[in-house]
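Residues per chain are reported as follows:
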Amino acid sequence: MKTIGVLTSGGDAPGMNAAIRAVVRKASKMEMEVIGVARGYAGLIQGDFRRLDSGSVADTIHRGGTILLTARSEEFRTEAGRARALENARREGMEGLIVIGGGGSFRGALHLHKKGLPVIGIPATIDNDIPGTDYAIGFDTALNTAVEAINKIRDTATSHERIFIIEVMGRDSGQLALAAGLAGGAETILIPEMPIDYDEVVRRLEQGRRRGKLHSIIVVAEGAASGLEVGQEIARRTKLESRVTILGHIQRGGIPTAFDRILASRLGARAVELLAQGVSGRMVGMQANRIVDIPLEEVLQGEKGIEEEVYQLANDLAL
Ligand code: ATP
């Protein structure tokens, strides 16, 4: 294999640049050329390509976002759109493609693999909702951003003896909320994987107050309920006032942590090695600190549930 492509797709995640850099530098070492595709599958359909040499990824390892830009493409969901994308890839001499993104991006990648373009996926999403890998690129950075925010809010919560509700990202996944809640010492963590029991939320608030604790931190994943809803429900049941902070997009950007940079570097390099070996239709991931690869089909059929043991631990340690 002489020429491979690389693209980032779906939501951006800190560490995507470190992955692109690893792909480019590893390929260069293996005497392969890399074509960067701008704006994910949209750029593949439009033929928005640029050659990436070792120098083009200099000074990017510490930068959040993605130098290749990312997008969501409705056209790529159609047979005609994918046919155009494949035609462009072939015309450009792309013999393989590395897709850095989340589950949706891998569904697209699987189509390309089935049409004969060798593809390897690299998991990158702050949601960390991709099965087959302990961590996706970007999760650790987002987690640290959320914990830093909780630390700051905790100061005010303590000083004013108030209830603070912090809404974090996670439409379908409570991974970020659970980890941020545990690391941030939240009293209550609400996630989409578990039904919300407001009686229990109130019981925990009252139990805290009985033992002299006058402030409280509740972390809620956006997919479980909105922070405002939680605040209104608490007010309805207890007459207690709360303050709501929605962390929003500050969770997505920022300088990637060392963990995300190392993960991205390892996954990026392995993806290139696999393509060079003629492997396709697989995702690289990390399991127990080892880099592994699994079929994309298996990844897409699976579900990354939360670890109930960790959820229980967070609850046990909070009071
Ligand atoms: P994130 O976790 O940040 O949402 P993602 O990769 O899951 O990332 P999506 O928006 O779901 O993000 O998917 C990215 C792109 O992948 C879509 O815009 C679309 O072009 C392509 N895609 C998603 N699902 C499919 C599918 N079933 N068939 C073909 N292409 C798809």
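Residues numbered from 1 in each chain as written. Predicted model: local features only at pLDDT ≥ 70, side-chain atom pairs only at ≥ 80, totals over all residues. Heavy atoms only, no water.

## What to know about the pairing of strand β2 (residues 33–37)
Selection rule: Each residue's exposure class comes from its accessible area (1.4 Å probe, protein chains only) as a fraction of the maximum for that residue type: buried when under 20%, exposed when over 50%, partly exposed otherwise. Secondary structure elements follow DSSP: runs of H or I of four or more residues count as helices, runs of E of two or more count as strands, with numbering from the N terminus. Between any two strands, at least two bridges found by DSSP are needed for them to pair. Whether a crossover is right-handed depends on one test, that the path from the first strand over the helix to the second runs clockwise when the strands point away from the viewer.
A large share of β2 lies buried, amounting to four of its five residues. Relative to β2, strand β1 (residues 3–8) runs parallel, the two sharing four bridges. Looking across to β2, one finds that V6 is bridged to G36. The parallel pair β1 and β2 is bridged by helix α1 (residues 16–29), and the resulting crossover is right-handed. When β2 meets strand β3 (residues 49–52), the two strands line up antiparallel, connected through four bridges. Across the sheet, G36 pairs through a bridge with R50, a residue of β3.

## A word on the nonpolar core
Note the cut-off: What makes a nonpolar core is a set of buried Ala, Val, Leu, Ile, Met, Phe, Trp, Tyr and Cys residues whose side-chain atoms join them at distances within 4.5 Å. In this entry, domain limits derive from an automatic or database-based domain assignment. Any two residues whose heavy atoms approach within 4.5 Å at even a single point are treated as in contact.
Within the largest apolar cluster, 60 residues are counted, with the highest numbers of intra-cluster contacts made by I4, V6, I98, I100, I122 and I137. With nine residues, the single largest contributor to this core is helix α5 (residues 139–160). Two domains each put at least three residues into this core: domain 1 (3–138 + 256–301) and domain 2 (139–252). Setting aside residues no more than four positions away along its own chain, I98 makes contact with I4, G5, V6, L7, V23, I120, I122, A271, V272 and L275. Judged by nonpolar contacts, the second largest core, of 26 residues, contains Y41, I45, L97 and F106.

## Digging into the domain arrangement of the protein
Convention followed: In short, buried area is how much 1.4 Å probe accessible area vanishes from two parts on joining, totalled over both. Criterion for a salt bridge: a side-chain nitrogen of Lys or Arg within 4 Å of a carboxyl oxygen of Asp or Glu. For the purposes of these results, a polar contact is taken to be a pair of N or O atoms within 3.5 Å, where, inside protein, one atom must be able to donate a hydrogen and its partner to accept one; residues adjacent in sequence count only when each atom of the pair is a side-chain atom. The nonpolar class holds Ala, Val, Leu, Ile, Met, Phe, Trp, Tyr, Cys and Pro. Asp, Glu, Lys and Arg form the charged class, and all remaining residues, Gly among them, are polar.
As far as domains go, the protein holds domain 1 (3–138 + 256–301) and domain 2 (139–252). Every contact between the two is made by 17 residues of domain 1 and, on the other side, 12 residues of domain 2. Between domain 1 and domain 2 lies a buried interface of about 1,100 Å² when both sides are counted; carbon and sulfur atoms form 53% of it. On inspection of domain 1 and its partner domain 2, the count reaches one salt bridge. Across the pair D12 and R252 runs a salt bridge whose closest N-O atoms are separated by 3.0 Å. Connecting domain 1 to domain 2 are 10 residue pairs in polar contact (both at pLDDT 80 or more). For the side of domain 1 that touches domain 2, the residue count by class is eight nonpolar, five polar and four charged.

## Section: the pairing of strand β8 (residues 216–221)
β8 sits mainly inside the fold: six of its six residues count as buried. Burial of the side chains of β8 extends over both faces: S216, I218 and V220 are buried on one face and I217, V219 and A221 on the other. When strand β6 (residues 163–168) meets β8, the two strands line up parallel, connected through six bridges. Bridge pairing in β8 places V168 opposite A221. By the bridge criterion, three bridges tie strand β7 (residues 188–190) to β8 in an arrangement that is parallel. Each residue of the ladder has a partner; that of I189, found in β8, is V219. In terms of handedness, the path from β7 via helix α7 (residues 198–210) over to β8 forms a crossover that is right-handed.

## Remarks on helix α6 (residues 175–184)
Of all the 10 residues making up α6, seven are buried; the element is thus mostly covered by neighbouring parts of the structure. Among all positions of α6, only Q175, L176, A177, L178, A180, G181 and G184 are buried. On its buried side, α6 packs onto α5, β6, β7, β8 and α11 (308–318). Where α6 terminates, the next one or two residues include G185, which has phi positive at roughly 70°.

## Examining the side chain of T188
Counting through the fold element by element, T188 comes out in strand β7. Beyond its immediate chain neighbours, meaning those up to four positions away, T188 contacts V201, R204, I217, I218 and V219.

## Structural notes on the site of the ligand
Threshold: Whether a residue is near a molecule or strand depends on its heavy atoms: if one lies within 4 Å, it is near.
Neighbouring residues of the ligand: 17 residues in total, closest G11, R72, S73, G104 and S105. Contact between the ligand and G102: an oxygen atom at 3.0 Å from a main-chain N or O atom of the residue. At six residues, the largest contribution of residues to the shell around the ligand is made by helix α4 (residues 103–114). Tallied by class, residues from the shell around the ligand come to two nonpolar, 11 polar and four charged.

## Quick look at the sheet that holds β1
Stated precisely, the cut-off is as follows: Think of each axis as a best-fit line through the C-alpha atoms, taken over the contacting stretch in the case of a helix, with angles from 0 to 180 degrees between the N-to-C directions.
Taken together, the seven strands give an open sheet; going across it, the order is β3-β2-β1-β4-β5-β10-β11, and neighbouring strands pair in mixed fashion. Sheet topology places β3 and β11 (290–295) at the edges, where each strand pairs with a single neighbour. Pairwise comparison of adjacent strand axes, ignoring direction, gives a mean angle of 30° for this sheet. Pairing of β1 with strand β4 (residues 96–101) involves five bridges; the strand directions are parallel. Following the sheet pairing, V6 is matched in β4 by I98. Helix α9 (residues 258–276) contacts β1, β4, β5 (119–123), β10 (282–287) and β11 of the sheet and is inclined by roughly 140° relative to β10.

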